[in-house]
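Chain and residue survey
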Amino acid sequence: MLNIPTALLQLAHETEAELQPIFSKLNEISIFNHQKVLAAFTQNRISEYHLKGSTGYGYDDLGREAIEACFAAIFRADKALVRNQIVSGTHAIALCLFGVLRPGDHLLSVTGDPYDTLHEVIGLPQAVPGSLADWGVDFDSVPLSEQGLPSFPLIAEAMRPNTKMIYIQRSRGYAWRPSININQISAIIDLVKEVNPNVVVFVDNCYGELVEKQEPTEVGADLVAGSLIKNLGGGLAPTGGYVVGRADLVDAAANRWTAPGIGAAVGATFNFNAAFLQGLYLAPKTVSEAVKGAVFASGLLNKLGFETSPATTEPRTDLIQAVKLNSPEAMIAFCRGLQKASPIDGHVRPEPGDMPGYDDQVIMAGGTFTQGATMEMSADGPIRPPYIIYFQGGLSYEYIKIGLLSAISEIPLHMSDNIM
Ligand SMILES: *Cc1c(COP(=O)(O)O)cnc(C)c1O
């Protein structure tokens, strides 16, 4: 058994009691999204034969078609592309960008600089071969306001006659700023469509799926992408990504994914269909558990004197919980404690290390069944002031709670006097 101090267990107990009203609200979102997912299954008459996959070209793969119909239903969208050959969230996003944008077009991010892995795709800071910049697509980003909110007047000003696509990142990524919730996404869409009704609104939905009752396509987003080893894989999808939205735009992404002329009509699913369907079925639950875990982390760490973002009572639109741990020792200890409570590699001791693209060393914890599936419960962050750890995921609230208690009890006592 993990050695959790009694005083910490007591504090956790008090925290949970105080969080009950928030947990009730989260339960209400969860039951709504469970119904939404179940309705997609029944409407599309999901049957035992849909669990089987295909080989070779993968023509007429009924399971694959049914999965895509379920995704389209959940997003209230025309069409979806959901494939095991989409290797990551970055790949899904790149399909949308390269599928829709042409030389001479302008791409405008309205939520500041996109997530790190998109920089080379766009061609930031320089046009690496094959990047959008290399293909002659211009890019600008409108910074968020000091409060981390969309800067509406600046967005309207930054739109040009050749602005073909607006780029919105829903989740905060690895930044100490609010995530962009569905209401804000809706307000951005209203604004940009007023300036140009033909502009394509794209949303990077990674970590956001099923956290709220609506998805970006329900408030007017034209094209949305994400990863299946995050929310919608439900912890069971071992790989994959999705694109969903307006039919012509999803077709454009599919032509980029394979080749024009074959688009989405091909793609062997091997034995992935069963895992995708079962993962999708469970996704409202795993997402809800992860959100509750994030709220619990924030509440407990607040009690111990640490600052958190989002704040404990703030409504959520993604799974990320950022915590200022105030010292390198606390970051390392937190990760070591979390790792100890991981199902895979629980015996491994995380060490800070160098990472390409980072000036500072990075520490990470995450013992997951699927490699790199941060939504199974993980923590990471570059070791630099104010020593922010990003905590996310977890497949059950109980495992998340145990992980956090293990993480916190590793933090040296003088750094959180309140524990004992
Ligand atoms: C995870 C993530 C991505 C990229 O996904 P990968 O699967 O790591 O390529 C993009 N944007 C956001 C906000 C993410 O959280």
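Relevant structure appears above.
Described below are features of the structure shown in this document.

What counts, and at which threshold
- Residues numbered from 1 in each chain as written.
- Predicted model: local features only at pLDDT ≥ 70, side-chain atom pairs only at ≥ 80, totals over all residues.
- Heavy atoms only, no water.
- Bend = angle between axes of the 7 residues up to and from the residue.
- Helix = DSSP H or I, 4+ residues; strand = E, 2+ residues; numbered from the N terminus.
- Disulfide = S-S within 2.5 Å.
- Phe/Tyr/Trp six-rings, centres within 6.5 Å; stacked < 30°, edge-to-face > 60°.
- Buried < 20%, exposed > 50% of the residue type's maximum accessible area, 1.4 Å probe, protein only.
- Lys NZ or Arg CZ within 6 Å of the ring centre and 35° of its normal.
- Pairing = 2+ DSSP bridges.
- Axes fitted to C-alpha atoms, helices over the stretch in contact; angles between N-to-C directions.
- Contact = heavy atoms within 4.5 Å.
- Near = heavy atom within 4 Å.
- Polar contact = N/O pair within 3.5 Å; in protein donor to acceptor, adjacent residues only side chain to side chain.
- Areas by Shrake-Rupley, 256 points an atom, 1.4 Å probe, with all protein chains shown as cover.
- Nonpolar A, V, L, I, M, F, W, Y, C, P; charged D, E, K, R; others polar.
- Core = buried A, V, L, I, M, F, W, Y, C linked by side-chain atoms within 4.5 Å.
- Expected span 1.5 Å × (residues − 1).
- Parallel < 35°, antiparallel > 145°, perpendicular 65-115°, else oblique.

An α-helical turn contains 3.6 residues, so a residue and the one three or four places further along point in the same direction. Its maximal kink placed at Q20, helix α1 (residues 6-43) deviates by approximately 55°, while the proline P21 follows within four residues. Two residues or fewer after α1 comes R45, characterised by a positive phi angle close to 50°.

This model, assessed by the stated rule, comprises 0 disulfides. C70 forms no disulfide, and the closest cysteine sulfur to it belongs to C96, at a distance of 20 Å. In this model C206 remains outside any disulfide bridge; the closest cysteine sulfur is found in C96, 11 Å from its own.

Below, the discussion takes up the packing of aromatic side chains. One pass over the structure, following the stated rule, counts 11 aromatic pairs. Here the aromatic rings of F71 and Y242 are separated by 5.5 Å at their centres, their planes lie at 50°, and the arrangement is tilted. Here F71, found in helix α2 (residues 62-74), pairs with Y242, found in strand β7 (residues 241-245); they are 171 residues apart in sequence, far enough to count as distant. Owing to a relative accessible area of 2%, F71 belongs among the buried residues under this scheme. Ring centres of Y174 and Y390 lie 5.3 Å apart, and the angle between their planes is 80°; this geometry places the pair in the edge-to-face category. Taken as a pair, Y174 in the loop between β4 (163-169) and α6 (182-195) and Y390 in strand β12 (residues 388-392) lie far apart in primary sequence, 216 residues in all. Using a relative accessible area of 31% as the deciding quantity, one classes Y174 as partly exposed. Chaining the aromatic ring pairs together yields one cluster made of F23, F296 and Y397. Positioned above the aromatic ring of Y207, the side-chain terminus of K230 is 4.3 Å from the ring centre.

Pairing between sheet strands relies on hydrogen bonds along the backbone, with the strands arranged either parallel or antiparallel. The strand order across the open sheet formed by 7 strands is β1-β7-β6-β5-β4-β2-β3, and the pairing between neighbours is mixed. For this open sheet the edge positions go to β1 (79-83) and β3 (138-141), each flanked by a neighbour on one side alone. On average, adjacent strands in this sheet sit at an angle of 15° to one another, irrespective of strand direction. Judged from the 3 bridges that link them, strand β5 (residues 200-204) and strand β6 (residues 223-227) form a sheet pairing that is parallel. Bridge pairing in β6 links V203 to V224. In this fold helix α3 (residues 89-100) packs onto β2 (106-109), β4, β5, β6 and β7, with an angle of close to 155° to the strand it touches most, β6.

What follows covers the site of the ligand. Around the ligand lies a shell formed by S88, G89, T90, I93, Y115, T117, Q169, D204, C206, Y207 and K230. Between an oxygen atom of the ligand and a side-chain N or O atom of T90, the distance comes to 2.5 Å. Burial of the ligand by the surrounding chains reaches 89%, relative to a free accessible area of 380 Å². If you tally residues by element for the shell around the ligand, the top one is α3, at 3 residues. For the shell around the ligand, the residue count by class is 4 nonpolar, 5 polar and 2 charged.

With 93 residues, the main nonpolar core has F71, L325 and F334 as its most contacted residues. Looking at this core, the element that brings in the most residues is helix α8 (residues 272-303), giving 13 residues. Ignoring anything within four residues of it in the chain, the contact list for L325 reads L301, F306, A330, M331, F334, P386, Y387, I389 and I411.

To continue, consider α3. For α3, with 12 residues, the first-to-last C-alpha span of 17 Å sits near the 16 Å given by 1.5 Å per residue. Taking burial as the measure, the 12 residues of α3 include 10 buried ones, the bulk of the element. You can read the cap of α3 off the contacts: a side-chain oxygen lies 3.4 Å from the backbone nitrogen of T90, and it is on S88.

On to the sheet that holds β12. Pairing is antiparallel in the open sheet, where 5 strands are placed in the order β8-β9-β12-β11-β10. The outermost strands of the open sheet, each flanked by one partner alone, are β8 (307-309) and β10 (362-365). Taking the axes of each pair of neighbouring strands and ignoring which way they run, one obtains an average angle of 20° across the sheet. In this structure, strand β9 (residues 321-324) lies alongside β12, joined through 4 bridges in antiparallel fashion. In the strand pairing of β12, A322 is matched with Y390. Most of the contacts of helix α9 (residues 328-340) go to β10, to which it runs at about 25°, and overall it touches β10, β11 (378-382) and β12.

Axes are the key here: two packed helices are described by the angle between their axes and the distance separating the axes. Following both chains from N to C, one finds α3 and helix α7 (residues 247-257) inclined at 105°, their axes separated by 8 Å at the closest point. Taken together, the axis directions place α3 and α7 in an arrangement best described as roughly perpendicular. Of the residues in α7, those in contact with H91, L95, C96, F98, G99 and V100 of α3 are L249, A252, A253, R256 and W257.

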